[in-house]
Amino acid sequence: MQLLDAHRRAMAEFDNRVGHIGDDQWDSPTPCAQWCVRDLLNHLVSEQLWAPWLLDGAILDEVGDRFDGDVLGTEPVGAWREAAAAARRAWDEPGATSGEVNVTGGVIPAEDYGWQMTLDLAVHAWDLARGIGDDDRLDPALVAAVRTVFAPQIPAWEGMGIFAPPRPVAADADEQTKLLALLGRSW
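Residues numbered from 1 in each chain as written. Predicted model: local features only at pLDDT ≥ 70, side-chain atom pairs only at ≥ 80, totals over all residues. Heavy atoms only, no water.

Chemist: Looking at this structure, I do not really get the side chain of Thr118. What am I missing?
Modeler: Positionally, Thr118 belongs in helix 5 (residues 110–132). Excluding residues within four positions of it along the chain, Thr118 makes contact with Leu3, Ala6, His7, Ala10, Leu142 and Val146. (Helix = DSSP H or I, 4+ residues; strand = E, 2+ residues; numbered from the N terminus. Contact = heavy atoms within 4.5 Å.)

Structure (structure tokens):
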């Protein structure tokens, strides 16, 4: 699966769960111990707001702190839809995946950034589903693509605080269980 297709699928997975958030679920816990449902959505909205800037060549200092804090306002679902649409447009620009972007860790290929965004959307779609009691099964083709891209990279991320340490899983576990275990998710 190519990056833009995977990204589109991951965004759809997350978007689907956002549409299922009940009015009484904003403070519900998620598998991300430090985040409730609202915090998780705020994180993903912020990430989507950064994408057009970074893909357009902005450096971190140019973006500054404009996407820090609460980016959801009084209409969290609307904030998500707006930010996601802007990010999608940025990714759909010709050549968006062929350049480089400035991120906290330095300058990286835009394609790597796209895969990181895809991973985050996919795993947080699962987190959000768990937080709101929704169906947590992800698109199997998306899961396989993300796992293929990131399985070799996870050992280098250990100790960086990006994900919890990998969890043991049965060899015959399905792809989604293997991906979640690789990212330290418990269920």
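On we go.
Chemist: I tried to follow the pattern of salt bridges on my own but got confused; where do I start?
Modeler: Once their charged atoms are close, side chains differing in charge can pair, the charge on each being opposite to the other. By the definition in use, this model includes 12 salt bridges. Linking Asp134 and Arg17 is a salt bridge whose minimum nitrogen-to-oxygen distance equals 4.0 Å. Of this pair, Asp134 sits in the loop between helix 5 and helix 6 (140–150) while Arg17 sits in helix 1 (residues 3–18), placing them 117 residues apart in sequence. Since its relative accessible area comes to 24%, Asp134 is described here as partly exposed. For Arg17, a relative accessible area of 2% gives the class buried. The network of salt bridges with common partners includes Asp5, Arg9 and Asp139. (Salt bridge = Lys/Arg side-chain N within 4 Å of Asp/Glu carboxyl O. Buried < 20%, exposed > 50% of the residue type's maximum accessible area, 1.4 Å probe, protein only.)

Chemist: What is the right way to look at the packing of aromatic side chains in this model?
Modeler: Each aromatic ring pair is described using two quantities: the centre-to-centre distance and the angle formed by the ring planes. Across all of its chains, the model carries 3 aromatic pairs by this definition. Aromatic pair Trp50 and Phe67: ring centres 6.1 Å apart, planes at 65 degrees, arrangement edge-to-face. Taken together, the residues span a long stretch of sequence, with Trp50 in helix 2 (residues 37–55) and Phe67 in the loop between helix 3 (60–63) and helix 4 (76–92) at a distance of 17 residues. Residue classification places Phe67 among the buried residues on the basis of a relative accessible area of 12%. (Phe/Tyr/Trp six-rings, centres within 6.5 Å; stacked < 30°, edge-to-face > 60°.)

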